[in-house]
Amino acid sequence: MGFFEQQDRARRATARLFVLYTIAVALIVACANLIVVPVTVLTSGVPASTALYATISITTLVIIALGSVEIMTRLSIGEGDIALMLAGRRVGRSSGIDAERRLINVVDEMAIASGLAAPPVYVLNREEGINAFAAGRSPNQAIVVVTKGALERLSRDELQAVIAHEFSHILNGDIRLNLRAACALQGIVFLSAIGRFMMQYYSGYGVSEERNSFLHPPFALVGAGLFALGSVGLVAARLIQSGIAREREFLADACAVQYTRNADGLCGALARIKLNPAGSQVRNWHADSLAHMLFAPNTLRSWFSTHPSIETRMRRANPHLSPLFYFEKQRKPEPAAKPKPEIKEVPKTIVPTKLTAVAALIATIGQPTGATLEYAAGLLAYLPTSIREALGDAAGAQAVMIGCVIDAEATMRGRQLRALEALGRQELARKSEVLAPLIAQLDRAYRLALLALALPVLRTELDEAGRGAFLAAMRAAIEADSRLTLGEFALDTILDWNLGPKAKRAGGVRFKSRDELKEECGLILSLLAHAGNSEALFAKIAPGLSLSPKESLQLAKVAGALERLSQLAPLEKEPFIAACAGLIAADGNVRLVEHELLRAIAAALDCPMPPSVAMLDPRLLRR
C-alpha cells in the first residue's frame, strides 16, 4: 500500500475512532452510576432518583470533557506543547552533549532522506524507560520525542531504527489520527489519571521535579477510589489504543527496516527494551492517553497491551533470527565503536533526468530508501562547519536562508542588502553577505536540504512576529533584483507554508474531487508547463484544463491555489502530482530548478517527496 492509500486509510480511521469513543463514554457513565448510586443511597439513606442518576451522569461527562479540553488547549498552542506536557526539553541544534548531537544528526538524516522539514526534537529527561513518539497535525509540522533512556542506552543504529519508525508514522498519516485519539482518550482516562496521580503523590512515593515525598493517607485513599472508578475508562482506552496502534506498529516496523536497510538495528532496540530495568515505561500521568503513540507499550506487562509483543515484532522485522539471539547479544559487552571513514567525495546530485522516471518519482513520495538515507548522511558530512554552526540558532538560520538567494553579481547583491537594511535588518544583511559565498560553493541541489535543517530552528526559536519579520525580509531580498526565479519561488513557497499563517492549517479534507478545483489545478499545471517549456503538451497531460498565460501567474494566486489543493482528498492528490511531474519531464530532462519546484508543490500538498537518486547532466547543474 502506497503513501496516498495510507493517508486515506488513516483519515477513514477517524470515523471508527468516534464510534469506539462514544461506546467507551457510555460505559464509563453507566459504571459511575452503578458504583456511586448504591454508595450514596447507603450513606445518605435517600432512595435513588432520576435527579441523582442525572447528576452523576452529567458530572462524569463534565470530567471527561475537561480531560479532553485540557489536552486540546495545550495542543492548540503548538505541537511542541505535547512534549512539554510530558516534562520534555527541546534539544538545541548547537547542543554540546554528544548523545544529543547524535540524535539531532540521525533526525536530520531521516528528514533529508524523506523530503521533510527536520522536526524539532525533545527529550524526556525524567524517563529512564526506552521509548519515543512523533506528533503533529501534518508531516511538515511534526515533532519527535525520545526518552532519556532511549537517548543514553541505544546505539546509533538502534536509535536510527527507532527514529525511522517514528518517521513512518509521520509519513503514513498516523500522527494526525494519533492526536485526535489522544484528545479523545485523555477524557476517557482522566479519572484514572487523577486517581493514580493522587495515589503516587500522597502515598509518599513523590513525583515532583525535586523528588519530594508527600504522605497524606486520606487523599491517597480518595485517589484509590477515583482510580478504581476510572479503571473502566482505562480498559476502554487500552482497547481503543490497541485497535489503533497494533496494525500501524507492524507497518512502521516494516518501514523502519526498509528505510534503514538494517533489521538488526530495530531488533536490537526492541531487545534493549526487554532487558532494560525500566522497560519502556513512561511514568508521566499523561502517558495513559498517549500510549498508542509510543514506540513501545507504556508497560510490558498488560492484559490490554496497546502494542504487539516485543518478540512478535522482532520475528516480523527479521524472521531469519530468533529474538533470543538479540537478547543474548545485548547481554554481552559492547565492542569498541569503529570510527566511520571520512567522506571525501561530494555526494552525487539527486535529480531524475528521464521521462521514464516520472512513475518512479511519484512512487517515492512518503517512501525514503536506504539510498536516500546514505545520500543525506553524505550531505551532512560535507556541509562546511561554518554553515552547520550558523544553522544552530535562529539568527544564523535566517542568514543561511537569505544567503541562498543573495546574487553573486555585485550590483544585484547591493540592492538586496540595501533592501534588508531598509527593513532595519542590518545584522541579518551582514551575516547573509558572509554566508552567501560559502553557500554558492555548494551544489544547488543542497538548497532544499539547507531549508529542511533551518526550518525547525525558525519554527521553535522565533515567535509569530519574528517569523513574519523573517518572511518579509526574505521576500524583500528576492524582489530587490526585480525578478523571481523558479528556485526562489520554491524556497519562498516552502518557507511560507511552514512559517506563515498557513502553518496553522488543520490539514483536513475539504474537497473530495479535483473537479471541484479545476481552476487551481490549471493554474499550478500552467506554472509547470511554462517552467518546463511543455506548453504544447498541456492539453494531452491535463485534459479538460485551461493553460493560463505566463503573465497571469502571480505569486499570490499560486499560493492561494496551493492552499486549496492541500485540502484535497489524498487519493485525488496522486494523479495531480503525477500530472505535475509529467509536465516538467515532458522534454526528457528535468532541470534542478524544476525538480525543486515540484518538491515545493508536493510539500505544500503535505506529500513529502524524497530526493530521487539519479545523476544529473552536468550541463544542467546550474540552470
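What you see as residue numbers is a count from 1 along each chain, following the sequence as written. Under the rules for a predicted model, residues below a pLDDT of 70 receive no local features and side-chain atom pairs below 80 are neither given nor counted, while totals for whole chains, interfaces and linings still include all residues. Side-chain metrics rest on all non-hydrogen atoms present in the structure, leaving aside hydrogens and water.

For the pair helix α4 (residues 98-114) and helix α6 (residues 156-171), interaxial distance at closest approach is 10 Å and the crossing angle is 45°. As judged from the angle between their axes, α4 and α6 are oblique. Regarding α4 and α6, the two cross each other, and that crossing is right-handed. Only R156, L159, Q160, I163, A164, F167 and L171 of α6 make contact with α4, whose side of the interface consists of R102, L103, N105, V106, V107, E109, M110, A111 and S114. Among the residues making up the contact of α4 with α6, the classes are represented as 10 nonpolar, 3 polar and 3 charged. Axes here refer to lines fitted to C-alpha atoms; in helices the fit is confined to the stretch in contact. Angles between the N-to-C directions go from 0 to 180 degrees. To qualify as a helix, a DSSP run of H or I must reach at least 4 residues; to qualify as a strand, a run of E must reach at least 2; elements of each kind are numbered from the N terminus. Just so you know how the angles are binned, under 35 degrees is roughly parallel, over 145 roughly antiparallel, 65 to 115 roughly perpendicular, and the rest oblique. With the far helix as reference, a near helix turned anticlockwise by less than a right angle produces a left-handed crossing, and one turned clockwise produces a right-handed crossing. Residue contacts are defined here by distance: any two heavy atoms, one from each residue, within 4.5 Å place the two residues in contact. Each residue is assigned to one class: nonpolar for Ala, Val, Leu, Ile, Met, Phe, Trp, Tyr, Cys and Pro, charged for Asp, Glu, Lys and Arg, and polar for all the others, Gly among them.

A separate point is helix α15 (residues 370-382). Within an α-helix, residues lying three or four positions from one another point in the same direction, as the helix has 3.6 residues per turn. Helix span, as expected, comes to 1.5 Å for every residue beyond the first. Helix length check: α15 (13 residues) gives 18 Å between terminal C-alpha atoms against 18 Å at 1.5 Å per residue, within 8%. Relative accessibility thresholds used throughout: buried, under 20% of the residue-type maximum; exposed, over 50%; partly exposed, between the two (1.4 Å probe, protein chains only). Buried within α15 are the following residues: G370, T372, L373, Y375, A376, G378, L379 and L380.

On to the sheet that holds strand β2 (residues 121-124), then. Across the sheet, which stays open at both edges, the 4 strands sit in the order β1-β2-β4-β3 with mixed pairing between neighbours. The sheet terminates laterally at β1 (88-90) and β3 (132-135), the two strands that pair on one side only. The average undirected angle you get between the axes of adjacent strands in this sheet is 25°. Against the sheet, α4 makes contact with β1, β2 and β4 (143-147), and its axis sits at roughly 140° relative to β2, the strand it touches most. Against the sheet, α6 touches β3 and β4, its axis set at about 25° to β3. Strand pairing is defined by DSSP finding a minimum of two bridges between the two strands.

Two faces, one strand: in a regular strand the side chains alternate between the faces of the sheet. Every second residue of β2 is oriented toward a common face, with V121 and V123 on one face and Y122 and L124 on the other, all of them buried. Where β1 meets β2, 3 bridges bridge the pair, whose relative direction is antiparallel. Note that in β2 the partner of R90 across the bridge is Y122.

The subject of this paragraph is the packing of α4 against α15. Closest axis-to-axis distance for the α4/α15 pair is 8 Å, and the angle between their directions is 125°. Judged on the interaxial angle alone, α15 and α4 are oblique. Note on packing geometry: the crossing formed by α4 with α15 is right-handed. Packed against α4, whose contacting residues are N105, D108, E109, M110, I112 and A113, the element α15 presents T372, L373, A376, A377, L379 and L380 at the interface. Its residues assigned to classes, the contact of α4 with α15 comprises 8 nonpolar, 2 polar and 2 charged.

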